[in-house]
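Chains, contacts and geometry: an overview
If you want the building blocks of each chain, they are given just below.
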Amino acid sequence: MLTYLSASAAFATDPTGVWLTKDKAEITIKECGQNYCGIVSKPAKPGLRDIRNPDPQLNGRPILGLPLLEVQKDAQHGKLPGQLYNPLDGKMYDGTLELKNADKLRVRGCVLRVLCLHEDWVRIGS
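We now turn to the structure provided with this report. (Residues numbered from 1 in each chain as written. Predicted model: local features only at pLDDT ≥ 70, side-chain atom pairs only at ≥ 80, totals over all residues. Heavy atoms only, no water.)

**Let's talk about the overall build of the protein**
- When its secondary structure is counted, the protein shows one helix and 10 strands.
- Reading the protein from its N end, one meets helices and strands in the order α-β-β-β-β-β-β-β-β-β-β.
- For 126 residues, the compact-globule estimate of 2.2 N^0.38 gives 14 Å, and the C-alpha radius of gyration of the protein, at 15 Å, lies within 12% of that figure.
- Total accessible area on the protein is roughly 8100 Å²; 57% of this is exposed by carbon and sulfur atoms.
- When the 17 positive and 14 negative side-chain charges of the protein are each reduced to one mean point, those points stand 4 Å apart. (Helix = DSSP H or I, 4+ residues; strand = E, 2+ residues; numbered from the N terminus. Rg over C-alpha atoms; globule rule 2.2 N^0.38 Å. Areas by Shrake-Rupley, 256 points an atom, 1.4 Å probe, with all protein chains shown as cover. Lys, Arg positive; Asp, Glu negative; His and termini not counted. Charge placed at Lys NZ, Arg CZ, Asp CG, Glu CD.)

**Focus on the state of the cysteines**
- By the definition in use, this model includes two disulfides.
- Each disulfide pairs two cysteine sulfurs, and for C32 the partner residue is C37, the sulfurs being separated by 1.7 Å.
- Accessibility expressed as a relative area gives 14% for C37, which makes it buried.
- When the cysteines engaged in disulfides are numbered in sequence order, the protein pairs them as 1-2, 3-4. (Disulfide = S-S within 2.5 Å. Buried < 20%, exposed > 50% of the residue type's maximum accessible area, 1.4 Å probe, protein only.)

**Considering the packing of aromatic side chains**
- Under the counting rule described, the total for this entry stands at zero aromatic pairs.
- Of note, R61 hangs over the ring of Y85, and the distance from its end group to the ring centre comes to 5.5 Å.
- Directly above the aromatic system of Y36 lies the positively charged group of K73, at a separation of 5.8 Å from the ring centroid. (Phe/Tyr/Trp six-rings, centres within 6.5 Å; stacked < 30°, edge-to-face > 60°. Lys NZ or Arg CZ within 6 Å of the ring centre and 35° of its normal.)

**Considering unusual backbone geometry**
- At K24, a position not held by glycine, the phi torsion is positive, near 75°.
- Within the secondary structure, K24 sits in the loop between β1 (17–20) and β2 (26–32).
- K24 sits in the exposed class, given a relative accessible area of 55%.
- The backbone of H77 sits at a positive phi, close to 60°, despite the residue not being glycine.
- According to the relative accessible area criterion, H77 is exposed, its value standing at 81%.

**Some remarks on the pattern of salt bridges**
- By the definition in use, this model includes six salt bridges.
- Residue R106 is joined to D120 by a salt bridge in which the shortest nitrogen-to-oxygen separation is 2.7 Å. With R106 in strand β9 (residues 104–111) and D120 in strand β10 (residues 115–125), the pair connects residues that are 14 residues apart, well separated along the chain. (Salt bridge = Lys/Arg side-chain N within 4 Å of Asp/Glu carboxyl O.)

Right under this line is the structure:
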């Protein structure tokens, strides 16, 4: 019984896998040392580029392979805190990942922890 409970608790905050965004992009989340990180493994449209990034060294890089998020492995109230990159405006945001169930991941980004938006992603692979 204890083995089942500890396995369930670990699963409850493990976001590793391939996720489909509302725009039909695919994001792969994997372990990166002490954290989880996510990259664009399939853009919503081929050939998209990161054109809104204010850093001249990063502006114009391909969306394919773009790092989108890095969150801590240690959950706080069932949520994994970290940083999220939004290629639509080229900015980083404080945010969280939260597994709502085995196949639904809520991604939430906030400005000054007051104005927050979220999007639910659907698991399509492990």
